Amino acid sequence: MTQLVWNGLFVGSFYALVALGYSMVYGIIKLLNFAHGDLYMLGAFTGFAVLGAAGGVTSAAALPLLLAVLLATMVITGLAGVVLERVAYRPLRGAPRLSLLITAVGASFALEYGTRAVAGADPRVYPVRLGGTPLEVLGARLTLQQLVLTAVAVVLMIGLNLLVTRTREGRAMRAIALDPRTSALMGVDVNAVISRTFFLGSALAGAAGVMAGAYYGKIDFLMGFLIGLKAFTAAVIGGIGNIPGTMLGGLLLGLLESFGTFWLGGEWRDVFAFGVLILFLTVRPTGLLGERVTERV
Amino acid sequence: MTLLDVTELRLSFGGLLAVDGLSLSVREGEIVSLIGPNGAGKTSVFNCVTGFYRPTAGRITLRGRDLRGLRPSAVAGLGVARTFQNLRLFGELSVLDNVRAGTHLWLRQSVLDALLHTPRYRRSEHECTEQAHHWLDFVGLRGDRYGPARALPYGEQRRAEIARALARRPGLLLLDEPAAGLNHGEKAGMVDLIRRIRDLGVAIMLIEHDMGLVMEVSERVVVLNFGREIAEGRPEEVRRDPAVIEAYLGGEPDA
Amino acid sequence: MKGPGAGPASPEPGPASPEPGPASPEPGPASPEPGAARPGADPGSPGPDRADAPKVRLRGTRRPPTRTSRLLQNRWAGAAGLLVALLAPFVNATPYALSIMTSAAIFVMLAAGLNIVVGYCGLLDLGYAAFLAVGAYTSGVLATRFDLPLLATVPAVLVVTVLAGIVIGAPTLRLRSDYLAIVTLGFGEIIRITANNLDVTGGPSGIYGIPHLADGPVAFYYLTVAVVSLAVLGAARLGRSRLGRAWRFVREDEDAAEATGVNTYRVKLAAYIAGAIWGGLAGVLFAAHLSAVSPASFTFLQSALVLMAVVLGGMGSVPGVVLGAIVISLLPEVLRDLADYRFFLFGVLLIGFMLLRPQGLWPARSKEALRSEEALR
């Protein structure tokens, strides 16, 4: 039982990290960035390359080095997100939504198969093994690395929340989410803020990618597809565009999956997750914490 | 005979009351204007009547039929047509196709007719096009009917939108600022057009800021401020009403 | 009508029209059944065409510009397309070539179906392969389990795909259109994973030994071309009907469409279901063609390729979409050496087309569609 809860929370913190980027971008420019899951994948591969350059990790110096790699990767994927927005999305602002969505699908394709062309189609093994003896807490087995990864995820999420609620930058983001035109008139540099939003969202996805690589040990060029879907589900559960809601949604989805897997078997896990998505969209499309939009029939 | 009856209509967005207990009615074949300072809740009333907003409280009936809870398309099906404050033509589609949209409700044509190109399909398509031309003639559109609607000059777009509404064969037409952005000559044309529409037996409810036009065409004027009715009556009565003068000249900076 | 003779790429223009004369029948409340839709007028009241309405017949703008040449062109293209499809086996009838051509024809049908959803109605469906899967599995399972001929499974396929369309469309079509995109993406995965997990669908290895629809690959190829031509023709005709216009109104402006009396929810659902039917029927051909179906055929990649064909050809343009589908399905045969970069290229192309040429290779011309409607009278 506690094991199931712990597993759920652990996986859920990954979902939440990726979902945040989805949610932020959606909140600010109402775009479902299909390529977001691929930025997670890109993060995993970037981390792989950086680690490779550093000559792999031995378990002694593992954690500090891993954190350094994490930071480097976040910067790189963040920049990739900025470039993506600049090249593929910004020119289409104001175009029909359909064009933007199709561009996002194209971007997702380009990232996936671009990575495949560079890194090959076969899964790569992450040059990190975080060992350590599992601890027993309340009957659940949890490893040190799980704890560290969860802690990193929590720190990142708290940091993001502070940034959005407490800083000038965050205020600008929220202003644009409400009304981009007026924000521009009030002197907010809309393009710059959108760029920075993409940077943050992509950096978080990249971080999640490295962490997933380090934890699962294997990465491949299609790994972002499924998590992109899951992250969207998490964002919808919590309330897309709402940051605390999205975090909550991620954790909840993790828990739901953990229990769903237990009851239905692992092969039905993804079906279960999408079932939850469709249920939520039917019953409460604004999510748990999403504000209800003015009733429009 | 009363066509549209609005009783104690209330609409709130969160804490903000956009419409606060408004009652009004429109008789068959009548032209009623809804005026008031910006933000007085005029367009909100239109949106409630046409089903785009769900009122917080109150009753709206058309010929005794309750309109609450109906989708806009169902309200349209009962004979209410509207235009939008900022033109909502289908910009990429041709002018003619835009007006054809008006025939959607009454055109009898099944999917099977379309797949098999039955005589009924041909007949209905023909009628649809004829009607579209007819209403474009009626509003006096001069521009290219085969070009995209967004290519029409502004005043012509207003006319095309009215043609689209008329092609629905409505009993009640809601015009949201039909003269906004029109020049002097075009406004005169609009007055003429509104009267000709009324002469078809169509009742009209009008939101308009151009007082000259309102005074010229309206049979009755309802004045709104802060979502409430502050005056109602014939144009010349309303013009002299102190509450109306107060609402327009005092208090409201953007009146 | 001339049936499949109009060809897969034909927008089916019909005979050239006589000029719409001024002696047009007087419109008004005397038209069929206006009562229900026109509460504004008493039965006896004078019609909209009262004497005081000015009879301005602005003739200059009423006459459609010359169009014959363009129509002939389109029509000719359709006939030529069909002719090429019919003659192709005389050029190269190796089993391999026939198989490629049959696949391409099925792909054309998929693109025509997705075009109804994406091109006409503006709804992004990212899991279109799911309907292909539903059709292929339904007919395959029924045919192998109950020893039915494939043709006998078609009614069941129709029922199941329509149901699938409703189950997915009904909840999501009420929401913003981008939600539909991602839900259909999820739905595509659900169908694939379900097929992978269930016993009745044969698990990961799928089902095999599906009976043929025709004797020999040549006969089957011609059968496929016939079915696909009808499907393309049907999609084109739907696009020019009352429903087809309503789809375009929804695509352009949902609020305005709703105010015009279009029940946007129902109309969107209709588009989604039509897409499902086209996909499901293509699935029957697909099952018959490969005589085996497995989950690997219905990945997101497949859905994305169909979307690519629609975007490349021109959303909403029937000849464009047919062309796009043929290009996308034959390109891998031409570009074997570039296999590794192919999908990367597709992604870049999708972005490039949206940025530089969103209307596609063979765009739908709103004017032209309109003119061909006029030509029908």
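In this numbering scheme, every chain counts its residues from 1 along its sequence in written order. Labels are handed out in written order, letters beginning with A for the chains and numbers beginning with 1 for the ligands. In view of the model being predicted, local features appear only for residues whose pLDDT reaches at least 70, and side-chain atom pairs are presented and counted only at 80 or more, with totals across whole chains, interfaces and linings using the full set of residues.

(A) How the structure looks around the sheet that holds strand β4 (residues 57–62) of chain B. Residues and elements named next belong to chain B. Any two strands with at least two DSSP-identified bridges between them are counted as paired. In this description a helix means any DSSP run of H or I spanning at least four residues, a strand means any run of E spanning at least two, and both kinds are numbered starting from the N terminus. Strand order across the open sheet formed by four strands is β2-β1-β4-β5, with antiparallel pairing between neighbours. Of all the strands in the sheet, just β2 (16–27) and β5 (65–66) have a single pairing partner and so form its edges. The pairing of strand β1 (residues 2–13) with β2 spans nine bridges and is antiparallel. The residue bridging L4 from the neighbouring strand is V26, located in β2. Contacts here follow a simple rule: the backbone-placed C-beta atoms of the two residues must lie within 7 Å. Here an angle of 0 to 180 degrees is reported between the N-to-C directions of two axes, which are lines fitted to C-alpha atoms, with helices fitted over the stretch in contact. Those strands touched by helix α1 (residues 42–49) are β1, β2 and β4, and its axis lies near 115° from that of β1.

(B) Local environment of the interface of chain A and chain C. At the junction of the two partners, chain A supplies 31 residues and chain C supplies 35 residues. Elements with a minimum of two residues in the side of chain A that touches chain C: α4 (97–119), α9 (223–238) and α11 (269–283) of chain A. When residues in the side of chain A that touches chain C are grouped by element, the largest group, 14 residues, is from α4(A). Gly counts as polar in this scheme, as do all residues outside two lists: the nonpolar Ala, Val, Leu, Ile, Met, Phe, Trp, Tyr, Cys and Pro, and the charged Asp, Glu, Lys and Arg. Of the residues belonging to the side of chain A that touches chain C, the class tally is 23 nonpolar, five polar and three charged.

(C) Structural view of helix α8 (residues 242–252) of chain C. Buried residues dominate α8(C), accounting for 11 of its 11 residues. Whether a residue is buried, exposed or partly exposed follows from its count of other C-beta atoms within 10 Å of its own C-beta, namely 20 or more, 12 or fewer, or something in between, respectively; the C-beta atoms are built from the backbone. Those residues of α8(C) that sit buried are C:R242, C:L243, C:G244, C:R245, C:A246, C:W247, C:R248, C:F249, C:V250, C:R251 and C:E252. Tucked inside the fold, the buried residues of α8(C) contact α3 (95–100) and α4 (111–116) of chain B together with α3 (95–120), α7 (216–239), α9 (254–259) and α10 (264–290) of chain C.

(D) Representation of the packing of helix α4 (residues 129–146) of chain C against α10(C). All names here are of chain C. Look at α4 against α10: their axes get within 6 Å of each other, and the N-to-C directions meet at 50°. Taken together, α4 and α10 sit at an angle that is classed as oblique. Note that α4 runs across α10; the crossing there is right-handed. Contact residues: F131, L132, A133, V134, G135, A136, S139 and G140 in α4; G275, A276, G279, G280, L281, A282, G283, V284, F286 and A287 in α10. With respect to orientation, any angle under 35 degrees is reported as roughly parallel, any angle over 145 as roughly antiparallel, any angle of 65 to 115 as roughly perpendicular, and every other angle as oblique. By definition, any crossing whose near helix is turned counterclockwise from its far helix by less than a right angle is left-handed, and any crossing with a clockwise turn is right-handed.

(E) Structural view of the domain arrangement of chain B. Residue and element names in this part refer to chain B. Per the domain assignment, the segments making up chain B are domain 1 (1–79 + 170–255) and domain 2 (95–167). Where each domain starts and ends follows an automatic or database-derived domain assignment. For domain 1 versus domain 2, the distance between C-alpha centres works out to 27 Å. Taken together, the contact between domain 1 and domain 2 spans 10 residues of the former and eight residues of the latter. Counting only elements with at least two residues in the side of domain 1 that touches domain 2, the list comes to α2 (72–77) and α7 (184–199).

(F) Fine view of the nonpolar core. Buried Ala, Val, Leu, Ile, Met, Phe, Trp, Tyr and Cys residues form a nonpolar core when they are connected through C-beta atoms within 7 Å. In terms of nonpolar packing, the biggest core is built from 298 residues, with A:V18, B:A163, C:V108, C:A111, C:A112, C:A271 and C:A309 touching the most fellow members. Residue contributions to this core reach at least three from each of two domains, namely domain 1 (1–79 + 170–255) and domain 2 (95–167) of chain B. Here C:A309 is in contact with C:F107, C:A111, C:V321, C:G324, C:A325 and C:I328, once residues within four sequence places are set aside.

(G) Spatial organisation of the confidence of the model for chain C. Residues and elements named next belong to chain C. For every residue, the predictor reports its confidence as pLDDT, a number between 0 and 100. On average, chain C scores 78 in pLDDT, and the residues at 70 or more come to 76%. Low pLDDT, under 50, characterises residues 1–61; the predicted model gives this stretch 115 contacts beyond four residues in sequence or across chains. Here residues 65–69 scores under 50 on pLDDT; set against residues more than four positions off or in separate chains, the count is three contacts. Interface predicted TM-score (ipTM) for the complex: 0.91; the corresponding pTM is 0.84.

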